[in-house]
Amino acid sequence: MEPTALERALDQLDGAVASVRAAMENLQAAEVADAAGALAHGASGGAIDPFVFRLAIFVLAIFVGYYVVWSVTPALHTPLMSVTNAISSVIVVGALLAVGISASGLATGFGFVALVLASVNIFGGFLVTSRMLAMYKKKDK
Amino acid sequence: MSANLASFLYLVSGVLFIMALRGLSHPTTSRKGNLYGMAGMAIAIVTTLVYATPSFNGFVLIVAGIALGGGIGAVIARRIAMTAMPQLVAAFHSLVGLAAVMVAAAAMYAPESFGIGTVGAIHAQALVEMSLGVAIGAITFTGSIIAFLKLDGRMSGKPILLPMRHIVNAGLAIALVVLIVLLVTTQSTTVFWMIVAASLVLGVLIIVPIGGADMPVVVSMLNSYSGWAAAGIGFTLGNLALIITGALVGSSGAILSYIMCKGMNRSFISVILGGFGGETAAASDDGIERTVKQGSADDAAYLMANAQKVIIVPGYGMAVAQAQHAVRELADKLKEAGVEVKYAIHPVAGRMPGHMNVLLAEAQVPYDEVFELEDINSEFAQADVAYVIGANDVTNPAARDDKASPIYGMPILEVDKARTCLFVKRSLGSGYAGIDNTLFYKDGTMMLLGDAKKMTDDIVKAMEH
């Protein structure tokens, strides 16, 4: 009966090897699943640095700007400059943060200067643009 | 207000800014576009105030700052003469540049308020974005001041060529890169101010060698820079409205620079390297005796009143002489007499893109009588009179015929094809680019020497009797 015992032992070994192999395969599968999960997560926006999204918006906005500005009639190029000038003063949001909530006196000072400059631009830019645009009239018939 | 809602509202204001620019595709939609722009700005400001609620003192300061700046801006916008628009736009660009520097400085001293770290431990990425914003902002600031001084006539429009300027500029650019790396590694405010200082100097050096005739490119380029500076700060703050606006303004200015360069047939690089105008003035003297036919206001009135079609070509000289209203009166008189009147505008006429259109609009010239170069150039051959008022280089046939001319290849308004070309000019000197105009010596050209406004007024008077 000894060979049977040996056979049994061998069988058990085979079984053990098979189960280890199966376990290994399971493990690999699990790893793949994990990686796939991470990828899907990444594609939906989870693991990516917000900078990448900002950059994407920036690049797309450049293209939007490109097509929109080409559609501007040359007669309105001066108002285009004054209005772009006014909207770039949206930098005022940075100034508002500095003045409104900063703890440091220096930062508040810098923010205040920025706030005044940007306000000059916002009011001056939009008002001068509307003054210009009000002048463009069609032939009265 | 949650951060998500705030971001969403910033996105809305960015979209409103896009619609503001879109409105400018036609004069009738432009006024609504401007309102979209104002709405976008209001949303951005209110969102910021609600999201990051200021302390009471902070709020008082904010109201004071907006009232002070807004008051100054409103007064300027109301009082400024339309002829001074190029200077005004240059001055406004400098303010955006300085505001970008100031916001970055505030972020440097109080990074917690901007959520980019703590003093001495600001995120490296934020520092890089910030230094780009601050460097471009500082260049915009001093560059625009020089452009303002040149446009306002407080500084000569002649290019100032410093020795070794290209090497100095390249050196400064390299120094900037090194300083930015240093800023990220040391977090030192001294390095921050060194970046500011180097950029301020660079701004002056970049614009000083560029001549007055190239100012349309410079103004557009600085417009573009102010956008990129805003975008840099937008990345630091993670603010969508700023990022979108920066991209819009940046590409808008870049496109305008491109259109201006094309209008002069010059490459952007050659404009930036500067030195155009002034040096070339001597080349025009070829020793040939040439005669010029001069006329009076009465001659001009007779010619125009008997014409069927008159095309008016305004240029910078019309702006200087404030002659736009007189020109409109002349056109009215001609139209009464049954003459067809059109206006032709070269892309680089004046000192900024669209400069002439605004002046004519101010004088209540209907915009559908005003045409761009490519739309009207073929009509000069059928016109009896081309009335050139204060435009010089953009009408110079040498740009078309003379391969040796420094402006060869530049598209011109072909006023020499009209039966008679009446050319109003203060004296027989060369134009801003310092190039002799061969148009003066053509058979069909009659020079009307005198101030543009006075000459036009005299012609109107002469037509009355």
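Position numbers for residues count from 1 along each chain, tracking the sequence in the order it is written. Chain letters start at A and ligand numbers start at 1, both assigned in the order the entries are written. With pLDDT at 70 or above as the cut-off, local features in this predicted model cover only qualifying residues; side-chain atom pairs require 80 or more to be listed or tallied, and sums for whole chains, interfaces and linings still use all residues. Computation of side-chain values: all heavy atoms of the structure, hydrogens and water removed.

Undergrad: Just give me the short version of the pairing of strand S3 (residues 309-314) of chain B, but keep the residues and values in it.
TA: All names here are of chain B. Buried, partly exposed and exposed residues are distinguished by accessible area as a fraction of the type maximum, computed with a 1.4 Å probe on protein chains only: under 20%, between the cut-offs, and over 50%, respectively. Numbering goes from the N terminus for both helices and strands, where a helix is a DSSP run of H or I of at least four residues and a strand is a run of E of at least two. Taken across its 6 residues, S3 has 6 buried, putting it largely inside the fold. A two-sided burial pattern is seen for S3, the buried positions comprising Lys-309, Ile-311 and Val-313 on one face and Val-310, Ile-312 and Pro-314 on the other. In short, DSSP must find at least two bridges between two strands for them to pair. Here S3 runs beside strand S4 (residues 340-345); their pairing, made up of 4 bridges, is parallel. When the bridges of S4 are listed, Ile-311 appears paired with Lys-342. Examined bridge by bridge, S3 and strand S6 (residues 385-389) share 5 bridges and lie parallel to one another. Within the sheet, the bridge partner assigned to Val-313 lies in S6 and is Val-388.

Undergrad: So what about the UniProt feature "transmembrane region" (unreviewed entry) in chain B? Which residues, and what values?
TA: Residues and elements named next belong to chain B. UniProt positions are given in the numbering used here, feature names are shortened, and annotations may be inferred rather than shown by experiment. Summarizing the sequence annotation, UniProt attributes the feature "transmembrane region" (unreviewed entry) to residues 6-23, 35-52, 58-77, 89-110, 130-151, 167-185 and 191-210 in the numbering used throughout. With 100% helix and 0% strand, the stretch residues 6-23 has end C-alpha atoms that lie 26 Å from each other. This span, residues 58-77, is 100% helix and 0% strand, and a straight line between its end C-alpha atoms measures 28 Å.

Undergrad: How would you summarise the environment of Val-12 of chain B if you had to cite specific residues and measurements?
TA: Residues and elements named next belong to chain B. One can find Val-12 in helix H1 (residues 3-23). Residue classification places Val-12 among the partly exposed residues on the basis of a relative accessible area of 28%. Along the sequence, Val-12 and Leu-200 sit 188 residues apart, while their C-alpha atoms lie 34 Å from each other.

Undergrad: Give me the lowdown on the packing of aromatic side chains, citing residues and values where you can.
TA: By convention, a stacked pair of Phe, Tyr or Trp rings (six-membered ring in the case of Trp) has centres within 6.5 Å and planes under 30 degrees apart, an edge-to-face pair has planes over 60 apart, and any other such pair is tilted. All chains considered together, the criterion is met by 11 aromatic pairs over all chains. The interplanar angle of 85° and the centroid separation of 5.1 Å between the aromatic rings of Tyr-66 of chain A and Tyr-67 of chain A together place this pair among those described as edge-to-face. Given a relative accessible area of 38%, Tyr-66 of chain A falls into the partly exposed group. With a centroid separation of 5.0 Å and 70° between ring planes, the pair formed by Phe-423 of chain B and Phe-440 of chain B is classed as edge-to-face. Of this pair, Phe-423 of chain B sits in strand S7 (residues 420-425) while Phe-440 of chain B sits in the loop between S7 and strand S8 (445-449), and the two are 17 residues apart along the sequence. Owing to a relative accessible area of 0%, Phe-440 of chain B belongs among the buried residues under this scheme. An aromatic cluster is defined as three or more aromatic residues linked by ring pairs; in this entry it consists of Phe-51 and Phe-58 of chain A together with Trp-228 and Phe-235 of chain B. Each ring is checked for a lysine NZ or an arginine CZ that lies within 6 Å of its centre and within 35 degrees of its normal; such an atom marks a charge sitting over the ring. The side chain of Lys-342 of chain B reaches across the aromatic face of Phe-371 of chain B, ending 4.9 Å from its centre.

Undergrad: Describe in detail the interface of chain B and chain A, supporting the description with residues and values.
TA: Contact with chain B, which involves 101 residues of that partner, is made by 79 residues of chain A. When two components associate, each loses some accessible surface as probed by a 1.4 Å sphere; the sum of these losses over both components is called the buried area. When the buried area of chain B at its contact with chain A is split by residue, Leu-24, Met-41 and Phe-235 of chain B rank highest and sum to 8% of it. Salt bridge criterion: a side-chain nitrogen from Lys or Arg within 4 Å of a carboxyl oxygen from Asp or Glu. Here chain B and chain A share 0 salt bridges between them. Polar contact is defined as a pair of N or O atoms within 3.5 Å, subject to the rule that within protein one atom must be able to donate a hydrogen and the other to accept it, and that residues adjacent in sequence are counted only when both atoms are side-chain atoms. Summed over the shared surface of chain B and chain A, the result is 15 residue pairs in polar contact (both at pLDDT 80 or more). In this classification, the charged set is Asp, Glu, Lys and Arg, the nonpolar set is Ala, Val, Leu, Ile, Met, Phe, Trp, Tyr, Cys and Pro, and all remaining amino acids, among them Gly, are polar. A per-class count over the side of chain B that touches chain A returns 65 nonpolar, 27 polar and 9 charged. By the convention used here, residues are in contact when the closest approach between their heavy atoms is within 4.5 Å.

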